[in-house]
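Residues per chain, in single letters:
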Amino acid sequence: QSRSRYFVKDWNYMFLATSVIFIIFNLQIIICIESPRYFLIKGDAKAAKMSIKALAALTTSNLDVEKVELEDLEKSRKREQSFWQQLVDLCSYPVLLVETLLLMFLWFFVGMSYYGFNFSWGSILPDLYLGYLIGGVGEALGYAVVAPLFALLGRRRSMMLLFVLSAVFYLIGIPDVNLRENSKWTLESVSCLFGNVVISGCFSAVYLWSAELSPTSHRGFVLSVSSSAARVGSFLGPYIFQNLKPITVKAVPLGGLGFLAAACAFVSFLLVETGDKEIALTGEDVETRRKQYKYRL
């Protein structure tokens with residue numbers, strides 16, 4: 001929406017242009033492959049196998065679908081719990097509750113930083129339109145780097161690294177330094193542009209990690225409450241960037257965000273690596289995974 005505003009000055013036509021962009025990007029939903037789990041819940045084993053075959057075709061796997069044994073369909077249905085049953089499970093499995101709360105904290109900070117940047121370029125950079133342009137390129141770069149980083153370092157180490165870098169860029173922006181004489185570009189401007197790249201990477205990465213950390217029986221619930229936490233953070237982010245700095249000093253918002261980023265790095269350390277493990281199916285599997293896990297950098 002912010003990018004289309006550069007070309008379309010009238011608000012009515014801008015929203016129309018934005019709607020067209022959304023329609024174009026959502027056309028891919030038509031050709032998306034339905035998940036095997038959906039068909040298992042519906043009791044359609046044949047369609048589930050066809051879905052697995054279509055997904056396997058997108059990889060280099062030589063999976064023989066005819067030899068794939070699907071578990072009892074009734075068990076798949078039993079894992080579909082109501083909202084209240086999932087809440088009860090949070091009390092029955094304390095580890096599931098703790099990991100959900102930790103993920104909510106990560107999502108809260110990522111949402112606060114991401115939307116804080118994207119709604120505040122006008123107060124961070126000397127040129128609003130240039131800020132959105134560079135910010136958009138930075139987002140694409142942040143998204144692109146996550147997959148190879150996960151493959152190289154794993155989920156947990158990658159998230160720790162990204163949050164540490166976020167803290168560093170926030171703290172670098174605190175000194176009031178002009179990069180050139182008579183220039184409006186400051187150290188804060190440049191550090192926030194780099195921070196936007198890292199935060200965009202965190203946003204992409206936390207989606208994947210959350211889906212792998214949460215068990216199949218509670219995945220929708222965990223992602224929903226985590227996304228809600230991100231929405232709360234998104235309300236606070238623009239306020240911190242635009243309103244808090246003028247009534248305090250620059251070290252307060254940037255230093256506070258740097259501290260929260262460092263806290264997120266520690267929270268990532270407390271969670272488990274999922275890249276080399278099977279996806280947990282139930283809260284009981286989460287408890288077992290935690291008992292078998294050994295912390296190490």
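Scoring rules and cut-offs
Residues numbered from 1 in each chain as written. Predicted model: local features only at pLDDT ≥ 70, side-chain atom pairs only at ≥ 80, totals over all residues. Heavy atoms only, no water. Helix = DSSP H or I, 4+ residues; strand = E, 2+ residues; numbered from the N terminus. Buried < 20%, exposed > 50% of the residue type's maximum accessible area, 1.4 Å probe, protein only. Contact = heavy atoms within 4.5 Å. Areas by Shrake-Rupley, 256 points an atom, 1.4 Å probe, with all protein chains shown as cover. Salt bridge = Lys/Arg side-chain N within 4 Å of Asp/Glu carboxyl O. Arc of directions from axis to C-beta. Expected span 1.5 Å × (residues − 1). pLDDT = per-residue confidence, 0-100. Phe/Tyr/Trp six-rings, centres within 6.5 Å; stacked < 30°, edge-to-face > 60°. Core = buried A, V, L, I, M, F, W, Y, C linked by side-chain atoms within 4.5 Å. Patch = residues over 30% accessible without salt bridge, like charges linked within 9 Å, V, L, I, M, F, W, Y side chains within 5 Å.

### Digging into the overall build of the protein chain
Inference 1: Per the secondary structure count, the protein chain includes 14 helices and zero strands.
Inference 2: In sequence order, the secondary structure elements of the protein chain are arranged as α-α-α-α-α-α-α-α-α-α-α-α-α-α.
Inference 3: With 297 residues in all, the protein chain has 41% of them scored as buried.
Inference 4: For the protein chain, the proportion of contacts with a sequence separation of at least 24, taken over those separated by at least 6, is 74%.
Inference 5: When the accessible surface of the protein chain is totalled, it reaches about 16800 Å², and 65% of it is carbon and sulfur.

### Quick look at the pattern of salt bridges
Inference 1: According to the stated counting rule, one finds four salt bridges in the structure shown.
Inference 2: Arg289 is the partner of Glu99 in a salt bridge, and the nearest nitrogen-oxygen pair spans 3.0 Å. One end of the pair, Glu99, is in helix α7 (residues 94-118); the other, Arg289, is in helix α14 (residues 283-292), with 190 residues separating them in the sequence.
Inference 3: The exposure class assigned to Glu99 is buried, which follows from its relative accessible area of 4%.
Inference 4: Across the pair Lys277 and Asp276 runs a salt bridge whose closest N-O atoms are separated by 3.3 Å.
Inference 5: Looking at Lys277, the relative accessible area reads 30%, which means it is partly exposed.
Inference 6: Of the residues examined, Asp276 reaches a relative accessible area of 58% and is grouped as exposed.
Inference 7: Taken together, the salt bridges that share partners define one network made up of Glu99, Arg289 and Arg290.

### Describing α14
Inference 1: Of the residues making up α14, those classed as buried are Gly283, Val286, Glu287, Arg289 and Arg290. Across the axial projection of α14, the buried residues extend over an arc of 165 degrees, all falling on one side. What points out from α14, more than 90 degrees from its buried face, is the exposed set Lys291 and Gln292.
Inference 2: Next to the buried residues of α14 lie α7, α11 (187-213) and α13 (251-270).

### Quick notes on helix α10 (residues 155-172)
Inference 1: The end-to-end C-alpha distance of α10 is 26 Å, a good match for the 26 Å that 18 residues give at a rise of 1.5 Å each.
Inference 2: Those residues of α10 that fall on the buried side of the exposure criterion are Arg155, Arg156, Ser158, Met159, Met160, Leu162, Phe163, Ser166, Ala167, Phe169 and Tyr170.
Inference 3: Considering only its buried residues, α10 is in contact with α7, α9 (128-153), α11, α12 (219-247) and α13.

### Comments concerning the confidence of the model for the protein chain
Inference 1: For the protein chain, mean pLDDT is 82; residues scoring 70 or higher make up 87% of the total.
Inference 2: Looking at the elements of the protein chain, mean pLDDT is at its lowest for helix α5 (residues 73-78), recorded as 53, and at its highest for α10, recorded as 94.

### Some remarks on the packing of aromatic side chains
The geometry of two aromatic rings is summed up by the distance between their centres and the angle between their planes.
Inference 1: As enumerated under the stated definition, the model contains 12 aromatic pairs in all.
Inference 2: An angle of 80 degrees between the planes, with centres 6.4 Å apart, marks the rings of Tyr115 and Phe203 as edge-to-face. Here Tyr115, found in helix α7, pairs with Phe203, found in helix α11; they are 88 residues apart in sequence, far enough to count as distant.
Inference 3: For Tyr115, a relative accessible area of 23% corresponds to the partly exposed category.
Inference 4: Given a relative accessible area of 10%, Phe203 falls into the buried group.
Inference 5: Ring geometry for Phe117 and Phe241: centres 5.1 Å apart, planes at 50 degrees, overall tilted. Residue Phe117 is located in helix α7, and its partner Phe241 is located in helix α12; the two are separated by 124 residues in the primary sequence.
Inference 6: Here Phe241 falls in the buried class, since its relative accessible area comes to 8%.

### With respect to the nonpolar core
Inference 1: Leu106, Phe109, Phe117, Trp121 and Phe163 are the most contacted members of the largest nonpolar core, which totals 52 residues.
Inference 2: For this core, the secondary structure elements donating two or more residues are α7, α8 (121-124), α9, α10, α11, α12 and α13.
Inference 3: Ranked by residue count, the leading element in this core is α7, at 11 residues.
Inference 4: If near-sequence neighbours (up to four positions away) are discounted, Leu106 is found in contact with Phe163, Val206, Trp209, Cys264, Val267, Ser268 and Leu271.

### Section: a nonpolar patch on the surface
Inference 1: Together, Leu16, Val20, Ile21, Phe22, Ile24 and Phe25 make up an exposed nonpolar region whose accessible area comes to about 610 Å².
Inference 2: In this fold, Leu16 is placed in helix α2 (residues 11-26).
Inference 3: Given a relative accessible area of 51%, Leu16 falls into the exposed group.

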